[in-house]
Amino acid sequence: MNQPLVLGIESSCDETGVGIVRGHTLLADAVASSMEQHAPFGGVVPEIASRAHLEAIVPMIESACSQASVKLADVDAIAVTAGPGLAGALMVGVGAAKALALALGKPIYGVNHLAGHVAVDQLEHGALPEPCLALLVSGGHSNLLQVNDITGDIVSLGNTIDDAAGEAYDKVARLLGLPYPGGPHIDREAASGSSVAIDFPRGLTSRKDLDRHRFDFSFSGLKTAVARWVEARHRAGEPVPVADVCASFQEAVVDVLTRKAIDAALTHGIHDLVISGGVAANSRLRALAEERATAAGVRLRVPRRNLCTDNGAMIAALGSEVVARGREPSALDFPADSSQPVGTVVV
Amino acid sequence: MLLALDTASPQVTVALLDDAGTVVAERRTDHLMKHAEQLAPLIAGVLTDAGVQQFDVTAVAVGVGPGPFTGLRVGLATARTFAMVLEIPVYGVCSLDALALEAVDSGAVEGPFVVATDARRKEVYWAAYDDRGRRVSEPAVDRPADVASDGPVVGEGAQLFPDHFPHAVEPLRPSAGWLGRAVVEERAELLDPDPLYLRRPDAVAPSRPKAVS
Ligand SMILES: [Zn+2]
């Protein structure tokens, strides 16, 4: 018998995504982004994102159906990001998803965005090993998660205590005069710079910090250190070696991310590491993670670039797994929860 | 069967009307706000109340505001998606028009009047109406002092600012039943199902990064 056809909706930040999957097979991944509208403001403006979601949601549903060559009537279940994310943005997706469920007479699952980032890897690399460790890095998140059951048992091992990794990229890009979003530009500049030119601080890695924040992250001090270094150059009337600053900054970020991820895997006896989220597209993060995972005997799984960023496919992938494992659908009155804990996979 | 809904006020309201414009089922929320939670169950509720299925709905009417944005978008996303799935038309109606129609038909007003609702930030959303409840001005957002009126003022805005609107008249909030009636009886202008924001998003372009040392 065919596995169920699941349509997933994502609207937690600035991408309006609608994906369709059957089992672990991706059939459609339609995404509209409002990123360009946020660029003049150097970060996501919630009201602009929410307005864009409303305009994009119906066209993305239609586009996903045509990509997958399926009719909405053939969809067996709806999954939607219930949280965490921007409240007003989440509510557009939740409203549309509930209307779909009502009009189709099909069950709906309000699911966790972070779990979606992990589940999406099944579309590329097949069934997720459980337990596995997940490192989620993007403009909105920096999480280390222990995934015992992707549909119901996820434990947070660490989180950022200030800025998200992607946010640090955006802020450093801005002070170097590079465009928003900063990640791809810094990655490109770094390619021609030296990662050891400047010794930028590694947040929360001192012995004292490791006691309390062993698997947590902090990128705010790093951003300030980069700003100080650049200002000192300006004051001295010397040119700023942008490529070296980018390479050294990037090395500080990915060093901490990979060091802590591998440490967590070894500490908890977990042999599989999934890295996802927008920053997972970063070339240096991928390379260093590969190197350190191999050395530690940890298997690494990184979904391809367009699956790492926010999209509907990840929500459909999680929904598909949730349906396959026979979890109860959500009641129609579930809320959009901007701070939904990662332990709540299905509301 | 027309499905009508409005989320332009703190109260979510849903109704089903037959082709003659008779309200066959209507529900409103007891809890204010929480539009994303409450709207879909209310729609399921009116379908059950009326003993019909979603396939029996032949058109959707939705209040397009003006009103607080977050709730407004939930209503519009719901109406547009529901209509898309069932391949039926979706009509937008200015939410203030539903208040005007109810005020006229219930005899609460005689002669021209104003409808004013709460726009937060010490402002009102408002429009002017003739004696039959036809809107004679574009919906706007203003400070109460700038649009003060001694005549009858329908809607929550009048109660919030009695100094500027001394003659407050019910109803206070739009009802989906009257919104639907406006469509069936062709007594309001039909609009695209797009939100009447009337305000730009709050967003300021960043200044140059501040020095840290
Ligand atoms: Zn994300």
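Residues numbered from 1 in each chain as written. Chains lettered and ligands numbered in written order. Predicted model: local features only at pLDDT ≥ 70, side-chain atom pairs only at ≥ 80, totals over all residues. Heavy atoms only, no water.

A. Up close: the domain arrangement of chain A. Residues and elements named next belong to chain A. By domain assignment, chain A separates into domain 1 (5-120 + 311-324) and domain 2 (131-302). Each of domain 1 and domain 2 has a C-alpha centre, and the two are 27 Å apart. Between domain 1 and domain 2, roughly 1200 Å² of surface is buried when both sides are summed, and carbon and sulfur atoms account for 79% of that area. Broken down residue by residue, the surface that domain 1 buries against domain 2 is led by Leu 114, His 117 and Val 118, which jointly contribute 46%. Where domain 1 touches domain 2, the interface holds zero salt bridges. Our count for the contact surface shared by domain 1 and domain 2 stands at three residue pairs in polar contact (both at pLDDT 80 or more). Secondary-structure elements contributing two or more residues to the side of domain 1 that touches domain 2 are helix 1 (35-38), helix 4 (113-119) and helix 13 (312-324). Top element by residues in the side of domain 1 that touches domain 2 is helix 4. It accounts for six residues. Across the side of domain 1 that touches domain 2, the residue classes tally to 10 nonpolar, five polar and one charged. (Domains from an automatic or database assignment. Buried area = accessible area lost by both parts, 1.4 Å probe. Salt bridge = Lys/Arg side-chain N within 4 Å of Asp/Glu carboxyl O. Polar contact = N/O pair within 3.5 Å; in protein donor to acceptor, adjacent residues only side chain to side chain. Helix = DSSP H or I, 4+ residues; strand = E, 2+ residues; numbered from the N terminus. Nonpolar A, V, L, I, M, F, W, Y, C, P; charged D, E, K, R; others polar.)

B. Quick peek at the coordination of the zinc ion. All names here are of chain A. Binding of the zinc ion to the protein goes through His 113 (NE2), His 117 (NE2), His 141 (NE2) and Asp 310 (OD), at separations of 2.1 to 2.3 Å. Coordination of the zinc ion draws on donor residues from a single chain, spaced H-x3-H-x23-H-x168-D in sequence. Of the two residues, His 113 is situated in helix 4 and Asp 310 in the loop between helix 12 (305-308) and helix 13; the sequence distance between them amounts to 197 residues. In terms of burial, His 113 and Asp 310 fall into one category: buried. (Donors = N, O, S within 2.8 Å, 3.2 Å for Na, K, Ca; no water. Buried < 20%, exposed > 50% of the residue type's maximum accessible area, 1.4 Å probe, protein only.)

C. Representation of the sheet that holds strand 3 (residues 23-28) of chain B in the model. Residue and element names in this part refer to chain B. The sheet built from five strands is open, its strands ordered 3-2-1-4-5 with mixed pairing. Two strands lie at the open edges of the sheet, namely strand 3 and strand 5 (90-93), each paired on one side alone. The mean angle between the axes of side-by-side strands here comes to 15°, regardless of whether they run parallel or antiparallel. Inspection of the sheet shows strand 1 (residues 2-6) paired to strand 4 (residues 59-63) by four bridges, in the parallel sense. Residue pairing across strands places Leu 3 opposite Val 60, the latter belonging to strand 4. Where helix 5 (residues 176-184) meets the sheet, its contacts fall on strand 1, strand 2 (13-17), strand 3, strand 4 and strand 5, and the angle it forms with strand 1 comes to roughly 130°. (Pairing = 2+ DSSP bridges. Axes fitted to C-alpha atoms, helices over the stretch in contact; angles between N-to-C directions. Contact = heavy atoms within 4.5 Å.)

D. Broad picture of unusual backbone geometry. Residue Pro 131 of chain A follows Glu 130 of chain A across a cis peptide bond; omega there is 0°. By secondary structure assignment, the location of Pro 131 of chain A is in the loop between helix 5 (122-125) and strand 6 (132-137). The backbone phi angle of Met 33 of chain B is positive, close to 60°, even though this residue is not glycine. Relative to the helices and strands, Met 33 of chain B resides in the loop between strand 3 and helix 1 (35-50).

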